[in-house]
Amino acid sequence: MAGEAQDMRADVTIVGCGVAGLYAALNLPRALSVAMLCKEDVASCDSMLAQGGICVMRDYDDYAPWFDDTLRAGHGENRIASVDVMIWESRGIIRDLTCLGVSFDRTPTGDLDYTREGAHSRPRIVHHADVTGREITTTLLARVRELSNVRILEGHPMVDLLEGDGACTGVVCERPGGGHLAIRATDTLMATGGVGGLYERSTNFRSLTGDGCRICAAHGVELEHMDYVQLHPTSLYTTRPGRAFLISESCRGEGAILLDARGERFVDELLPRDMVSEAIRAQMCEDGMPYVRLSFERVAPEVITGHFANIYQRCRDEGYDILREPIPVVPAQHYLMGGIHVDQDSRTTLPHLYAAGETSCNGVHGRNRLASNSLLESLVFSRLAARDIVRRRHAHA
C-alpha cells in the first residue's frame with residue numbers, strides 16, 4: 001500500500017486531534033515539524049463530549065483519598081506508578097490549561113469550583129459548566145492552529161503503519177480525493193480514541209472504531225485488556241439511532257437520584273459506574289422496562305439551568321423538562337480502559353511508536369475508570385510522550 005502512496009515527511013506524526021493529540025503537539029519543540037491526522041473533522045472527537053470535568057488534587061491531603069478512589073473504582077487492577085504520576089501532575093496540568101486560555105468555573109471568591117461525581121470520596125473535579133471537554137478541546141485546538149510547525153489534515157483516516165528496521169517510520173492515510181498519503185516520520189503518536197462506533201448504543205461518535213488498536217495489532221504491537229469496556233449508567237433513552245446523549249455523572253454528584261417504575265430509589269447513585277450500571281440493568285429487568293428514570297428533584301434549579309445548562313436544553317429539545325419531571329435513562333457503552341499497551345513514557349512495544357488517550361492502556365483506570373480521570377490521564381500521558389520524544393532526540397544528537 002505504501003508503494004502506491006504519495007509521500008510527505010514530518011518529524012512527528014500525531015494520529016488524532018482530541019486532547020491527547022493536541023496537547024502532545026503543544027508540548028513538542030517548535031523546531032520540529034508535526035503532521036496531525038483527523039479521521040473526519042476536528043469537531044468529531046470524543047474529547048469534545050466530556051461533560052463532567054477534569055480531576056485535580058485539591059491539596060496534599062487529597063492525594064491518598066484520590067489514589068484510593070481510583071483503585072477502588074478500578075477493582076485494584078490499576079498500574080500503581082501510572083496513578084501516582086497522574087495525581088502528582090494534575091495541579092501543573094490545570095495551571096497550564098488556564099495559561100493556555102481554558103476557562104474553569106470559579107466560586108464568588110475566585111477559587112476553582114469543585115464538584116463531585118460517582119465513586120469520589122470528596123469534590124475534586126473542576127469544570128466549565130457541563131461542557132468541560134468542549135472548552136478544553138477548542139482552546140487547545142486554537143493554540144495548535146497558531147503554531148507554524150503543525151499541519152492538521154482533516155478527513156485523512158489512517159489505514160496502516162509504516163515500519164523499517166524494526167521501528168515505526170510513519171503512517172499511511174487515505175486522501176479526501178482518493179488515493180493514499182504516506183507520512184514518514186521519526187516518531188508517531190497514536191491518539192485515535194475508543195471503540196464506541198462498534199457498539200449499537202454508545203455515547204461515542206460513530207467514527208471511533210478502534211482503528212489505532214486494530215492497525216497496531218496487525219503489526220504485532222501489544223494490546224492490553226481490550227475486554228475492559230465501561231458502560232456509562234445514564235444516557236438519555238431514545239428509540240432513535242445514532243450517538244447516545246450522555247447525562248453527566250456530576251448530575252448525580254449534585255443530588256440527582258435514580259428511580260424505578262414505582263418512583264422509588266433503588267441504588268446508591270455515587271457507587272462506581274460499573275456497579276450503578278449493573279443495578280440499573282437488574283432494575284430494568286425487574287420492572288420489564290427499557291429504562292429507569294433520573295430525577296433532579298433534589299438539585300437546585302439554579303444548578304440545573306446554570307451548571308447543567310447544556311443537559312437541561314438537550315432534554316428540553318427531547319421533550320423533557322428536568323425542572324419538573326424525571327427523565328428516562330439507560331446505560332450505554334462509554335469508554336475503553338484497555339488499548340495499546342504503553343509504558344510510563346507512553347511508549348508502545350514498537351520503537352518510535354507512542355500512544356496516549358483512550359486508545360492507549362497505561363494502567364491508570366484498571367478494570368473500571370473513575371469519573372473525570374480520563375481528560376487528565378490523556379493530558380498527562382500525551383505530555384510524557386512529547387517529553388520522551390524530545391529526550392530521545394537529544395540523547396541521539
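Residues numbered from 1 in each chain as written. Predicted model: local features only at pLDDT ≥ 70, side-chain atom pairs only at ≥ 80, totals over all residues. Heavy atoms only, no water.

Caption draft 1: How the structure looks around the overall build of the chain. Each helix and strand counted, the chain has ten helices and 16 strands in total. For the chain, whose C-alpha radius of gyration is 21 Å, the value lies close to the compact-globule estimate of 21 Å for 397 residues. Each principal axis of the C-alpha atoms in the chain carries an extent, and together these give about 65 × 45 × 35 Å. For the chain, the proportion of its 397 residues judged to be buried stands at 58%. Nonlocal contacts in the chain, meaning residues at least 24 apart in sequence, comprise 70% of its contacts between residues at least 6 apart. (Helix = DSSP H or I, 4+ residues; strand = E, 2+ residues; numbered from the N terminus. Rg over C-alpha atoms; globule rule 2.2 N^0.38 Å. Buried < 20%, exposed > 50% of the residue type's maximum accessible area, 1.4 Å probe, protein only. Contact = heavy atoms within 4.5 Å.)

Caption draft 2: Structural detail: unusual backbone geometry. In this model, His75 sits at a positive phi of 55°, which is unusual for a non-glycine residue. Inspection of the secondary structure assignment puts His75 in the loop between α2 (63-73) and α3 (80-100). In the Ramachandran plot, Ser346 falls in the positive-phi region, its phi being about 65° despite a non-glycine side chain. Along the chain, Ser346 turns up in the loop between β14 (339-341) and β15 (353-355). Ser346 gets classed as buried once you look at its relative accessible area, which sits at 0%.

Caption draft 3: Looking closely at the nonpolar core. One finds Met36, Ile54, Leu97 and Leu140 to be the most contacted residues of the largest nonpolar core, which totals 63 residues. Considering every element that reaches this core, the biggest residue donor is helix α10 (residues 374-395), with ten residues. Setting aside anything within four residues of it in sequence, one finds Leu97 in contact with Ile54, Val102, Phe104, Ile136, Leu140 and Leu379. Core analysis: the next-biggest nonpolar cluster, separate from the first, contains 25 residues, Ala35, Met190, Cys216 and Leu350 among them. (Core = buried A, V, L, I, M, F, W, Y, C linked by side-chain atoms within 4.5 Å.)

Caption draft 4: Broad picture of the environment of Ser235. By secondary structure assignment, the location of Ser235 is in strand β10 (residues 229-236). For Ser235, a relative accessible area of 0% corresponds to the buried category. Residues Ser235 and Gly178, spaced 57 residues apart in sequence, show a C-alpha to C-alpha distance of 37 Å.

Caption draft 5: Highlighting the UniProt feature "domain: FAD-dependent oxidoreductase 2 FAD-binding" (unreviewed entry) in the chain. As annotated in UniProt, the feature "domain: FAD-dependent oxidoreductase 2 FAD-binding" (unreviewed entry) corresponds to residues 11-375 in the numbering used here. The straight-line gap between the two end C-alpha atoms of residues 11-375 is 26 Å; of that span, 27% is helix and 21% is strand. (UniProt positions renumbered as here; feature names shortened; annotations may be inferred.)

Caption draft 6: Highlighting the side chain of Thr13. Structurally, the position occupied by Thr13 is in strand β1 (residues 6-15). In this view, Thr13 contacts Ala35, Val171, Ile183, Ala185, Asp187, Thr188 and Leu189; residues no more than four positions away in its chain are not counted.

Caption draft 7: Highlighting the sheet that holds strand β13 (residues 327-336). Overall, antiparallel pairing links the four strands, which are arranged β10-β13-β12-β11 in an open sheet. The open sheet is flanked by β10 and β11 (257-259), the only strands paired with a single partner. Strand-to-strand twist across the sheet, computed as the mean angle between neighbouring axes with direction ignored, equals 45°. Where β10 meets β13, six bridges bridge the pair, whose relative direction is antiparallel. Bridge assignment links Leu236 to a residue of β13, and that residue is Val329. (Pairing = 2+ DSSP bridges. Axes fitted to C-alpha atoms, helices over the stretch in contact; angles between N-to-C directions.)

Caption draft 8: Looking closely at the sheet that holds strand β9 (residues 223-224). Strand order across the open sheet formed by three strands is β9-β14-β16, with mixed pairing between neighbours. Of all the strands in the sheet, just β9 and β16 (360-361) have a single pairing partner and so form its edges. Here helix α5 (residues 211-218) sits on the sheet in contact with β9 and β14, set at roughly 45° to β14.

Caption draft 9: Up close: the state of the cysteines. What the rule picks out here adds up to zero disulfides. As a non-bridged cysteine, Cys17 has Cys38 as the owner of its nearest cysteine sulfur, 4.5 Å distant. (Disulfide = S-S within 2.5 Å.)

Caption draft 10: Fine view of the packing of helix α1 (residues 19-26) against α10. Closest axis-to-axis distance for the α1/α10 pair is 8 Å, and the angle between their directions is 35°. In this structure, α1 meets α10 at a crossing whose hand is right-handed. Taking contact as the criterion, the partners of Val19, Ala20, Tyr23 and Ala24 in α1 are, on α10, Leu375, Ser378, Leu379, Ser382, Arg383 and Ala386. (Left-handed = near helix turned anticlockwise from the far one by under 90°.)

Caption draft 11: Spatial organisation of the packing of aromatic side chains. Counted by the stated rule, this structure contains four aromatic pairs. The interplanar angle of 20° and the centroid separation of 5.0 Å between the aromatic rings of Tyr63 and Trp88 together place this pair among those described as stacked. Of this pair, Tyr63 sits in helix α2 while Trp88 is found in helix α3, placing the two residues 25 residues apart along the sequence. For Tyr63, a relative accessible area of 18% corresponds to the buried category. For Trp88, a relative accessible area of 43% gives the class partly exposed. Centre to centre, the rings of Tyr237 and Tyr291 are 4.9 Å apart; their planes meet at 45°, and the pair counts as tilted. Residue Tyr237 is located in the loop between β10 and α6 (249-253), and its partner Tyr291 is located in the loop between α7 (273-287) and β12 (292-295); the two are separated by 54 residues in the primary sequence. (Phe/Tyr/Trp six-rings, centres within 6.5 Å; stacked < 30°, edge-to-face > 60°.)

Caption draft 12: Structural view of the pairing of β13. Most of β13 sits inside the fold, with ten of its ten residues counted as buried. Direction of pairing for β12 relative to β13: antiparallel, over a ladder of three bridges. Bridge pairing in β13 links Leu294 to Ile327.

Caption draft 13: Summary view of the pattern of salt bridges. Scanning the model with the defined rule gives 28 salt bridges in all. The salt bridge involving Arg79 is made with Glu224; its shortest N-O contact spans 3.3 Å. Of the two residues, Arg79 is situated in the loop between α2 and α3 and Glu224 in strand β9; the sequence distance between them amounts to 145 residues. For Glu224, a relative accessible area of 18% corresponds to the buried category. Residue Glu89 pairs with Arg383 through a salt bridge whose shortest N-O separation is 2.6 Å. Taken together, the residues span a long stretch of sequence, with Glu89 in helix α3 and Arg383 in helix α10 at a distance of 294 residues. What makes Glu89 partly exposed here is its relative accessible area of 23%. On the basis of relative accessible area, Arg383 is assigned to the buried category, the value being 8%. (Salt bridge = Lys/Arg side-chain N within 4 Å of Asp/Glu carboxyl O.)

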